[in-house]
Amino acid sequence: VSVCRTTTPSACMRIISPREFVDVVVMKQYEDGTMLSAATNVEHPLCPPQPNFVRGFNYPCGCFCIPVPGEPDRTELLTFFQTDLGGYLPQTVVDSFFPSSISGFYSNLTKAVKAFKA
């Protein structure tokens, strides 16, 4: 279990200000090899709001990495998240930005896994 402060840069030509999130995170591995990373927003005295960042809020969220039986080089990924970006963004801006940022996350994750295997 740990407390994690995550920051994001500004986006959409600086229409979306940099964000910060503070979460309590738990990591667990189950007997079948499934790994879980689960988190939710937390306030922590060592992570006060920082100037020039908008404080976002993560509702309970997480990621399961589930081994595919009989295929040792494959893993099923199941993620769930609910994020409030905070601030005063019109919902149309959030709706247009968020899917591309999630897509970028999975693209970077795939690259990291391939680099790790090399």
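Keep in mind that what you see is a predicted model, and the values were worked out from it rather than measured.

Draft legend 1. How the structure looks around the overall build of the protein. Across its full length, the protein carries one helix and eight strands. Walking the protein from its N terminus toward its C terminus, one meets helices and strands in the order β-β-β-β-β-β-β-β-α. For the protein, the spread of C-alpha atoms along the principal axes amounts to about 50 × 30 × 25 Å. Every one of the 118 residues in the protein was classed for burial, and the buried ones make up 19%.

Draft legend 2. Structural context of the layout of surface pockets. Its volume calculated, the largest pocket comes out at about 1600 Å³. If you go around the largest pocket, you meet 50 residues; those closest to its centre are Cys-63, Thr-79, Phe-105, Tyr-106 and Leu-109. Elements with a minimum of two residues in the lining of the largest pocket: β1 (2–8), β2 (19–29), β3 (35–41), β6 (61–68), β7 (71–80) and α1 (91–117). The element contributing the most residues to the lining of the largest pocket is α1, with 14 residues.

Draft legend 3. Representation of a nonpolar patch on the surface in the model. Taken together, the side chains of Leu-77, Phe-105, Leu-109 and Val-113 present a nonpolar region at the surface, about 320 Å² in accessible area. Among the elements that make up the nonpolar patch, the one with the highest residue count is α1 (three residues). Within the secondary structure, Val-113 sits in helix α1.

Draft legend 4. Looking closely at the side chain of Glu-20. With respect to the element layout, Glu-20 can be found in strand β2. You can call Glu-20 buried: its relative accessible area is 0%. In terms of polar contacts, Glu-20 uses its side chain to reach the backbone amide nitrogen of Gln-50, at 2.9 Å. Non-local contacts of Glu-20, meaning those with residues more than four positions away in its chain, are made with Arg-5, Thr-6, Thr-7, Pro-48, Pro-49, Gln-50, Phe-53, Val-54, Arg-55 and Gly-56.

Draft legend 5. Quick peek at the packing of aromatic side chains. Taken as a whole, this structure holds two aromatic pairs when the rule is applied. A ring pair is formed by Phe-57 and Tyr-59, whose centres lie 4.6 Å apart and whose planes are at 70 degrees; its orientation type is edge-to-face.

Parameters and conventions
- Residues numbered from 1 in each chain as written.
- Predicted model: local features only at pLDDT ≥ 70, side-chain atom pairs only at ≥ 80, totals over all residues.
- Heavy atoms only, no water.
- Helix = DSSP H or I, 4+ residues; strand = E, 2+ residues; numbered from the N terminus.
- Buried < 20%, exposed > 50% of the residue type's maximum accessible area, 1.4 Å probe, protein only.
- 1 Å grid on protein atoms, 1.4 Å probe; cavity = no way out; pocket = protein on both sides within 12 Å on 5 of 7 lines; lining within 4 Å.
- Points joined across faces, edges and corners; volume = space filled by probe spheres on them.
- Patch = residues over 30% accessible without salt bridge, like charges linked within 9 Å, V, L, I, M, F, W, Y side chains within 5 Å.
- Areas by Shrake-Rupley, 256 points an atom, 1.4 Å probe, with all protein chains shown as cover.
- Salt bridge = Lys/Arg side-chain N within 4 Å of Asp/Glu carboxyl O.
- Polar contact = N/O pair within 3.5 Å; in protein donor to acceptor, adjacent residues only side chain to side chain.
- Contact = heavy atoms within 4.5 Å.
- Phe/Tyr/Trp six-rings, centres within 6.5 Å; stacked < 30°, edge-to-face > 60°.

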